[in-house]
Amino acid sequence: NYLIATTGIDLGLLASEIEKLSFIGKKRIDVDDIADLLAGGRLYNVFDLITALRSKDADKVFRIYKTLKETADDYSLIGALNWQYGRELHAGLSPAENNSFLQVFELLNSVDIDIKSSGRNFPIEYLLIRLLRLREGRTAA
């Protein structure tokens, strides 16, 4: 799921990435292995972006995004964010935590629509600002 979320559904590209993963020489390949391979020596990955969002470090969020946008398209980034936040969603969360995740997924869906419809300038940047505000406990509007 993570590989598809970050590279897309192009079968040729997926086959190429799976072939690269086969050269790692491990019996079990985990998400970190895939992230390292896809990062190709980059300084940051989507996990770093989520960590910076959690710590409410706007400067770091946009520094990481600047690096990520040089090598990943917006759809891949949205897919990776969606996947990562989805991993964190567990049964038994408090109502406030459930509401927070609901707002995150609404924001991700909204930016996906914005990108597909050319409805907003700088949709990812706007998403990041809204996620930073959400994480600070303010409304996401």
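Residues numbered from 1 in each chain as written. Predicted model: local features only at pLDDT ≥ 70, side-chain atom pairs only at ≥ 80, totals over all residues. Heavy atoms only, no water.

### Considerations on the packing of helix α4 (residues 46-54) against helix α5 (residues 58-71)
Here is the rule we go by: Lines fitted to the C-alpha atoms define the axes, with helices restricted to the stretch that makes contact. Angles between their N-to-C directions range from 0 to 180 degrees. Helix numbering and strand numbering both begin at the N terminus, where a helix is a DSSP run of H or I of at least 4 residues and a strand a DSSP run of E of at least 2. What sets the label is the angle itself: under 35 degrees gives roughly parallel, over 145 gives roughly antiparallel, 65 to 115 gives roughly perpendicular, and the rest give oblique. Should the near helix be turned anticlockwise from the far one by less than a right angle, the crossing is termed left-handed; should it be turned clockwise, right-handed. By the convention used here, residues are in contact when the closest approach between their heavy atoms is within 4.5 Å. When residues are grouped by polarity, Ala, Val, Leu, Ile, Met, Phe, Trp, Tyr, Cys and Pro land in nonpolar, Asp, Glu, Lys and Arg in charged, and all others, Gly among them, in polar.
Interaxial distance between α4 and α5 falls to 9 Å at its minimum, and their mutual angle equals 160 degrees. Considered as vectors, α4 and α5 are oriented roughly antiparallel to each other. As for the relative orientation of α4 and α5, their crossing is left-handed in sense. Between α4 and α5, the residues in contact are Val 46, Asp 48, Leu 49, Ala 52 and Leu 53 and Lys 60, Val 61, Ile 64 and Leu 68, respectively. Each residue belonging to the contact of α4 with α5 can be placed in one class, and the counts come to seven nonpolar, no polar and two charged.

### Describing the packing of aromatic side chains
To keep things clear, this is the line we draw: Stacked, edge-to-face and tilted are the three classes for Phe, Tyr and Trp ring pairs, Trp counted by its six-membered ring, which pair at centre distances within 6.5 Å; planes under 30 degrees apart are stacked, over 60 edge-to-face, the rest tilted. Classification of residues uses two cut-offs on accessible area relative to the type maximum, computed with a 1.4 Å probe and protein chains only: under 20% is buried, over 50% is exposed, and between them is partly exposed.
One pass over the full model with this rule turns up three aromatic pairs. Plain terms: the ring middles of Tyr 2 and Trp 83 are 4.7 Å apart, the flat faces sit at 55 degrees to each other, and that makes the pair tilted. Taken together, the residues span a long stretch of sequence, with Tyr 2 in helix α1 (residues 2-7) and Trp 83 in helix α6 (residues 74-88) at a distance of 81 residues. Exposure remark for Tyr 2: the relative accessible area of 6% places this residue in the buried category. Accessibility expressed as a relative area gives 17% for Trp 83, which makes it buried. When the ring of Phe 101 is compared with that of Phe 105, the centres are 6.4 Å apart and the planes differ by 25 degrees; the resulting orientation is stacked.

### A look at the nonpolar core
Going by this rule: Take the buried residues of types Ala, Val, Leu, Ile, Met, Phe, Trp, Tyr and Cys, join any two whose side-chain atoms come within 4.5 Å, and each joined set is a nonpolar core.
Counting 37 residues, the largest nonpolar core has Tyr 2, Leu 49, Leu 81 and Tyr 85 as the members making the most contacts within it. Those elements that place two or more of their residues in this core are α1, α2 (11-22), α3 (31-39), α4, α5, α6, α7 (95-117) and α8 (123-135). For Tyr 2, the contacting residues outside a window of four places in its chain are Val 31, Ile 34, Ala 35, Leu 38, Val 46, Phe 47, Ala 80 and Trp 83.

### Quick notes on the confidence of the model for the chain
The cut-off we apply is this: Residue-level confidence of the predictor, termed pLDDT, takes values from 0 up to 100.
In the predicted model, the chain carries a mean pLDDT of 80, and 88% of its residues have values of at least 70. No element of the chain has a lower mean pLDDT than α3, at 76, and none a higher one than α8, at 88. When the criterion is pLDDT under 50, residues 136-141 qualifies, and its contacts beyond four places in sequence or with other chains add up to eight contacts.

### As for the side chain of Asp 33
Formally: Pairing of N or O atoms within 3.5 Å defines a polar contact, subject to two protein rules: one partner must be a possible hydrogen donor and the other a possible acceptor, and residues neighboring in sequence count only if both atoms are side-chain atoms.
The topology assignment puts Asp 33 in helix α3. Of the polar contacts made by the side chain of Asp 33, one reaches the side chain of Lys 26; its length is 2.9 Å. Not counting residues within four places of it along the chain, the set of residues in contact with Asp 33 comprises Leu 21, Ile 24, Lys 26 and Arg 28.

### Quick word on the environment of Ile 64
Tracing the sequence through the fold places Ile 64 in helix α5. As a C-alpha pair, Ile 64 and Ala 52 span twelve residues in sequence and 8.5 Å in three-dimensional space. Apart from residues no more than four positions distant in its own chain, Ile 64 is found in contact with Tyr 44, Asn 45, Asp 48, Leu 49 and Ala 52.

### Some thoughts on the pattern of salt bridges
Side-chain pairs of opposite charge can arise where the charged atoms are in close proximity. Worth spelling out the cut-off: Throughout this description, the term salt bridge denotes a Lys or Arg side-chain nitrogen within 4 Å of a carboxyl oxygen of Asp or Glu.
In the structure shown here, the tally under the stated rule is three salt bridges. Linking Lys 20 and Glu 17 is a salt bridge whose minimum nitrogen-to-oxygen distance equals 3.4 Å. With Lys 20 and Glu 17 both in helix α2 and three residues apart, this pair spans about one turn of that helix. Asp 33 is the salt-bridge partner of Lys 26, the closest N and O atoms lying 2.9 Å from each other. Look at Lys 26 and you get partly exposed, because its relative accessible area is 42%.

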